[in-house]
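# A closer look at the structure
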Amino acid sequence: MRTLHRILYAEILKLKRSKLALILILSPLMAAMLGLMYSLNVDQPFAWKILLSQMAMAHAVLFLPLLSGVLSAFICRYEHANGGWKQLLSLPVSRSGVYISKYVIVAVLLGVTQLIFLGAVLLVGSLKGIAEPIPWIMLCNSVLNGWIASLPLIALQMLMAMAWASFAAPLAVNVIFTLPNLMVIQSKYGIYYPWGQPSLAMLPQNDSFGINVSLETLLFVIGGSFVLFVLAGLSYINRKEI
């Protein structure tokens, strides 16, 4: 446990002088701009739900999957530079601990983005003057579910980021698989698509956008893919040659 704590601390130190704050607020900021431009009848029922759906379409369908790839590539870029992997893995540290620490950092950063997105929804709703009370349970569930649904994708992105020395290569693959998100999640296969799972989890249930799947089914698929991708990542780093 102490070793994992030291590895986590070392990863945090690497990020101290980075400009991650700008990356973390970019998606919520874009979603907020779209929310402000959206013509919404603030006196109609379910105004908060409609606003959430509009903002989540931009945030969860496009920016959130891209952000998971950017953060995963960013957290591994130091090791790819100047033989960093050789230096790191030659130290008396657990390889599994290295993977877990990097994964935890990315997951926490993505969680921060989700909280900023929640704040953006509340801010836009307040600026528009939505009359109905704030549906805290719905908003918090959307943010939490979107974060949980991103966990398998983080593991998959982390595997690609560790395997490819190029910073651009995993990002390019991420963009390629994110772009068809809007079409894929409306098909019956959308639930099995890692890049589409965050949007399906974030959009309010019974929303007309996307496919109608139960949250229980979605979380079951997410849990299975999470275990699969994490085991693949742990297997890769433990077999990685120095």
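Refer to the structure printed above.
To keep things clear, this report deals only with the structure shown in the data block. Residue positions are given per chain, counting from 1 as you read along its sequence in written order. Totals for whole chains, interfaces and linings use all residues, but because this is a predicted model, local features are given only for residues with pLDDT of at least 70 and pairs of side-chain atoms are given and counted only at 80 or more. Values shown for side chains rest on all heavy atoms present in the structure; no hydrogens or waters enter the calculation.

All right, on to helix α5 (residues 95–128) then. In this description a helix means any DSSP run of H or I spanning at least four residues, a strand means any run of E spanning at least two, and both kinds are numbered starting from the N terminus. One less than the number of residues in a helix, times 1.5 Å, gives the span that helix is expected to have. The first and last C-alpha atoms of α5 sit 50 Å apart over 34 residues, in line with the 50 Å expected at 1.5 Å per residue. Positive backbone phi, at 75°, marks Gly129, one or two positions downstream of α5.

Our next topic: the nonpolar core. We define a nonpolar core as any set of buried Ala, Val, Leu, Ile, Met, Phe, Trp, Tyr and Cys residues linked to one another through side-chain atoms lying within 4.5 Å. For every residue, the accessible area (1.4 Å probe, protein chains only) is compared with the maximum for its type, and the residue is labelled buried under 20%, exposed over 50%, or partly exposed between those bounds. Residues Leu51, Met55, Leu71, Tyr99, Phe117 and Val121 are the most contacted members of the largest nonpolar core, which totals 57 residues. Listed by contribution, the elements that provide at least two residues to this core are α1 (2–15), α2 (20–37), α3 (47–80), α5, α6 (136–163) and α10 (215–239). At 14 residues, the largest contribution of residues to this core is made by α5. Residues in contact with Tyr99, not counting those within four places in the same chain, are Ala155, Met158, Met162, Phe229, Val230, Gly233, Leu234 and Ile237. One finds Val61, Ala149, Leu200 and Leu218 within the second-largest nonpolar core, a separate group that totals 9 residues. Contacts are assigned to residue pairs with any non-hydrogen atoms lying within 4.5 Å of each other.

Moving on, we come to the packing of α2 against α3. Note on method: axes are straight lines fitted to C-alpha atoms, helices fitted across the in-contact stretch only, with angles between N-to-C directions ranging 0 to 180 degrees. Direction vectors running N to C along α2 and α3 enclose 165°, while the axes themselves pass 8 Å from each other. For the element pair α2 / α3, the angle class is roughly antiparallel. For the pair α2 and α3, the sense of crossing is right-handed. The residues of α3 that touch α2, namely those facing Leu20, Ile23, Leu24, Ser27, Pro28, Met30, Ala31, Ala32, Leu34 and Gly35, are Leu51, Met55, Ala58, His59, Phe63, Leu64, Leu67, Val70, Leu71 and Phe74. Residue classes in the contact of α2 with α3 are distributed as 17 nonpolar, 3 polar and no charged. Our angle categories are set so that under 35 degrees counts as roughly parallel, over 145 as roughly antiparallel, 65 to 115 as roughly perpendicular, and the remainder as oblique. With the far helix as reference, a near helix turned anticlockwise by less than a right angle produces a left-handed crossing, and one turned clockwise produces a right-handed crossing. Polarity classes work like this: nonpolar for Ala, Val, Leu, Ile, Met, Phe, Trp, Tyr, Cys and Pro, charged for Asp, Glu, Lys and Arg, and polar for all others, with Gly in that last group.

Next up on the list: a nonpolar patch on the surface. For patch detection, residues must exceed 30% relative accessible area and be free of salt bridges, and they are connected within 9 Å for like charges or within 5 Å for nonpolar side chains (Val, Leu, Ile, Met, Phe, Trp, Tyr). With residues, only the protein chains shown are counted as cover, and all accessible areas are computed by Shrake-Rupley using a 1.4 Å probe. Definition used for salt bridges: Asp or Glu carboxyl oxygen within 4 Å of a side-chain nitrogen of Lys or Arg. A cluster of nonpolar residues, Leu26, Leu29, Met30, Met33, Leu34 and Met37, forms a patch on the protein surface that exposes about 570 Å² of accessible area. Following the sequence through the fold, Met33 ends up in helix α2.

It is worth spelling out the side chain of Ser68 at this point. Within the secondary structure layout, Ser68 lies in helix α3. The residues contacting Ser68, other than those within four sequence positions of it, are Val106, Leu110, Leu153, Ile154 and Gln157.

Pairing of aromatic side chains requires ring centres within 6.5 Å, counting the rings of Phe and Tyr and the six-membered ring of Trp. Pairs whose planes differ by under 30 degrees are stacked, by over 60 edge-to-face, and all others tilted. Under the defined criterion, the tally for this structure stands at 4 aromatic pairs. When the ring of Tyr99 is compared with that of Tyr103, the centres are 6.3 Å apart and the planes differ by 25°; the resulting orientation is stacked. Residue Tyr99 and its partner Tyr103 are located together in helix α5, separated by 4 residues, close to a single helical turn. On the basis of relative accessible area, Tyr99 is assigned to the buried category, the value being 1%. Tyr103 sits in the buried class, given a relative accessible area of 10%. Residues Tyr193 and Trp195 carry aromatic rings whose centres are separated by 5.6 Å and whose planes lie at 45° to one another, so their mutual orientation is tilted. The exposure class assigned to Trp195 is buried, which follows from its relative accessible area of 6%. The rings of Tyr99, Tyr103 and Phe226 are connected pair by pair, giving a single aromatic cluster. A ring is scored as having a charge over it whenever the NZ atom of a lysine or the CZ atom of an arginine sits within 6 Å of its centre and within 35 degrees of its normal. Over the ring of Phe46 we find Lys49; its NZ or CZ atom is 6.0 Å from the centre of that ring.

Further remarks concern the packing of α5 against α6. Running from amino to carboxyl end, α5 crosses α6 at an angle of 145°, the nearest separation of the two axes being 9 Å. Between α5 and α6 the crossing geometry is right-handed. Class assignment of the residues belonging to the contact of α5 with α6 gives a composition of 21 nonpolar, 5 polar and 1 charged.

In this structure, Phe46 takes a positive phi of about 60° despite not being glycine. Relative to the assigned elements, Phe46 resides in the loop between α2 and α3. Classification of Phe46 as exposed rests on a relative accessible area of 56%.

A few words now on the environment of Gln114. With respect to the element layout, Gln114 can be found in helix α5. Judged by relative accessible area, Gln114 falls into the buried class, the value being 1%. For Gln114 and Leu64, which are 50 residues apart along the polypeptide, the C-alpha to C-alpha distance reads 8.9 Å. Ignoring sequence-local partners within four residues, the contact set of Gln114 consists of His59, Leu64, Ser142, Val143, Gly146, Trp147 and Met202. Any N or O atom pair separated by 3.5 Å or less is treated as a polar contact, with the protein-specific requirement of one donor-capable and one acceptor-capable atom, and with residues adjacent in sequence counted only for side-chain atom pairs. Polar side-chain contacts of Gln114 include one of 2.6 Å to the side chain of His59.

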